[in-house]
Amino acid sequence: MQINPQQMPKVLELYLEITQYPILARKIRERMQQEIFARGVISPAAFEEEVREKAIQSQRREGVLDPLHEEPAEIWEQRISQIRDHLIDFYFAYNLPHELFKQIVQQVVGERVPTEEVVLSFNPELAPWDMLFAQADQYENAPPEQRHIVEPHLQEIIVVLIKSMISDQLRFVGVAKQLFTIEDLKEIRRRRIGRGKIGGKAAGMMLAWKALQRMSDELPYDLRRRVVIPDSYFIGADVFYDFHSMNRLFDFINQKYKSKEEIEAEYPKALERYAKGRFAPDVEESLRNLLARVGKTPLIVRSSSLLEDNFETSFAGKYESFFLPNQGTPEENFQALIHAITQVYASVVNPDALFYRRRMGLIDYDERMAILLQKVQGTLYRHYFFPALAGVGFSSNPFRWNPRIRREDGFVRIVWGLGTRAVERVANDYPRIVALSHPQLRPESSAEEIRKYSQHFVDVIDLRDNSFKTLPVQEVIGEDYPGLSYLVSIDSGDYIQPIFSLGSRLEPKELVLTFDNLLRHTDFVPMMKTILKQLESVYNKPVDIEFTLDILPGYPKPELLIHLLQCRPQSSREAERNLVIPADIPEADKLFSANRLVPRGRVRNIRYIVYVDPQIYSMKADYTTKLELARVVGRLNKRLEGEQFILMGPGRWGSTNVDLGVKVSYADIYNTRMLIEMASGQDGAFPEASYGTHFFQDLVEAEIYPLILYPEDPSTIFAHSFFRNAPNVLGALLPADAAYADYVKVIDVPAVTNGKTLEVIMNGEKEEALGFLTMPEQ
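Predicted model, so just to flag it, every value in this text is computed and none were measured.

A. Highlighting the sheet that holds strand β17 (residues 543–552). Taken in spatial order, the six strands line up as β2-β18-β17-β9-β10-β11 in an open sheet, and their pairing is mixed. Strands with a single pairing partner mark the edges of an open sheet, and in this sheet they are β2 (227–228) and β11 (432–435). Sheet topology note: the β2/strand β18 (residues 559–569) ladder contains two bridges and is parallel. Counted as the bridge partner of V227 is I562 from β18. Where helix α11 (residues 200–215) meets the sheet, it contacts β2 and β18, and its direction lies at approximately 130° from that of β18. Contacting β2, β9 (389–394), β10 (411–415), β17 and β18, helix α23 (residues 524–539) crosses the sheet at an angle of about 150° to β17.

B. Representation of the nonpolar core. Grouped together as the largest cluster of nonpolar side chains are 115 residues, with contacts concentrated most on I166, L185, W416 and F524. In contact with W416, other than residues within four places in its own chain, are F386, P387, A388, Q455, V458, V473, V476, I477, Y481, L487, L513 and F515. By size, the runner-up hydrophobic cluster in this structure holds 46 residues, among which are I263, F279, L290 and L373.

C. Here's a closer look at the confidence of the model for the chain. Averaged over all residues, the pLDDT of the chain is 86; the fraction at 70 or higher stands at 88%. The model gives residues 1–13 a pLDDT under 50, and that stretch makes 22 contacts with residues more than four places away or in other chains. Here residues 113–118 is a poorly scored stretch, pLDDT under 50, and it has eleven contacts once near neighbours within four places are set aside; other chains count.

D. Region of the structure containing the pattern of salt bridges. A complete count under the given rule lists 56 salt bridges for this structure. Notably, a salt bridge pairs K469 with D462, separated by 2.9 Å at the nearest N-O pair. According to the relative accessible area criterion, K469 is partly exposed, its value standing at 24%. Linked by salt bridges that have partners in common, E183, E187, R190, R191, D231 and K375 make up one network.

The rules behind these values
Residues numbered from 1 in each chain as written. Predicted model: local features only at pLDDT ≥ 70, side-chain atom pairs only at ≥ 80, totals over all residues. Heavy atoms only, no water. Pairing = 2+ DSSP bridges. Helix = DSSP H or I, 4+ residues; strand = E, 2+ residues; numbered from the N terminus. Contact = heavy atoms within 4.5 Å. Axes fitted to C-alpha atoms, helices over the stretch in contact; angles between N-to-C directions. Core = buried A, V, L, I, M, F, W, Y, C linked by side-chain atoms within 4.5 Å. Buried < 20%, exposed > 50% of the residue type's maximum accessible area, 1.4 Å probe, protein only. pLDDT = per-residue confidence, 0-100. Salt bridge = Lys/Arg side-chain N within 4 Å of Asp/Glu carboxyl O.

Rendered as structure tokens:
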């Protein structure tokens, strides 16, 4: 007998499930038995003889030594029937293909569709998938006069499959059931490796794409043709469990209940252990087949956990993603893929992810990680592979740098090249931020500011070196780049102007990435507004998306093709409305004010101010000290848990470049109420706003208000003497960190103001904020 053990678990699992429906199970087993006999697996006589022998053996095991007198005839017949069923299952699973079983199920279910009254005769919540898909096919192919009768049953099956394959979040299911068809679910199943759900990131992308496809007929743009999703594959979330079991990694499952110090100290060990992990042979075989199918196309391995991108929490940037150039030998590409998947798995115990879950009340949730595998979107230019444009779009704009900007029209952050620079705060580089209501309005005004606050580096995949690289724009860009005139402007010294023609030779050092012609002379802005508004209407709340853009030849303007990579409901806080700053506050009680990029909200009863002096930070702290200051802030974040406190410091909080700001992560700041960034120097330079980045998402979801201060701006207030002269209680709170008191000052506000606390009122509509001392409110 030829045994195919890989079929055994899969088929027997289905057999065990169908036994809950005895009539269907009997008919299916009758067909299976016929196939076993017809294909010569075993003869009917030999089969029945084996049934009898095994029945007698089972009697002996149970101590039945005199069957004729000790066991009634009806029990004997039941024993024979059960053993016959088990042997049918056994011989079919070990000898015949799974596809044949699916055909049998489809035939039996199809025969049960009546011609007059349609009744769903089994519980879809408990039925095997093959049965559900077979029944759904019958319903979808029902005659028109029966369609209205079967529609409720079809809807029920679609809901059950969505919950088991994609997401069981009821708000997601409520939207998805109106959009997904059985054919959509079949395609997801065909592209899935292993068992389990495909996770939140994959679910959000699929839902948004289906929503836009369904609405295309009602829109001014043919979104069915102009919005696509990447070629995508999924590793089911249950593979995550199998991986832990095979590699004995369950000791890391309970990391979430450990202390901050233990979690941070043990994470490097987790990365190492996960990297050594191996997968089940069938998963590895499927991954090798996938690599053979995609060839030398670069891939991205993306997290898609069950908690990601849901209606309440986004987990933006908490879990890892990896670009794979995929240009090595088949074995090298396979090992790189395996390593990337293991590191995404390990990011489940990343300190930032665990503290985010703790802050959002999700620490007790059994988090499982699915994987989204996608072809990287882009084109080949020289030996570099990257898209013409990548970015993030938000349907609601929380900040305005000009009163003409309409919040409800949203905004985008766009970059040339791979989108990593659009979603992260990176050192010495800036994406283009576009208010979709007024795309020509820039936060910067002068040519010098536009030049400074533009994109200077580009992320690409170097196919020749088989690596991901960050390179200077001038090193990559050239006048032969397709669509160049839509991306860059010419730096003429005193002014920067869009390209009107490509007749004269252009030097890379003269080019500035402004995207001005893209915004002025293509459909990009109206298309993005339409997409964001349509998705907002589907989700019934603001959304954000990640995307790439192809600029294709066309006349009189280019054709734009948008690749939708991700969509999730946009996190938002319920802020007080009609906030008015009191007019009778004494000047002595005013500590600081702001008049640019002001959010809307109010923070009361602030007891502690954690203040990192920008001048001392930049002039006295060396590199090692600057790194340690972020850890001091993290320890203060834990020490002040339960207290009302704010953080104030230089430049960009969370910057990867310690010279631009304190290099904190989410785990260092999640207890604060405000994160205030202070522009240093006399020039009043415009610091990069964090909104639109994963870092900004952290602030919004944790209800942390960001605010930018310009202490040297004469139109604003900053009480230098208060911050300079107030006593520092850092040593009292953290005695072991007293040595850093020159750099980090912790002000106990009531202790130095006769019982007053700090209150900050932010009126985003009027672009004004004020921090002032007042008696605390109960």
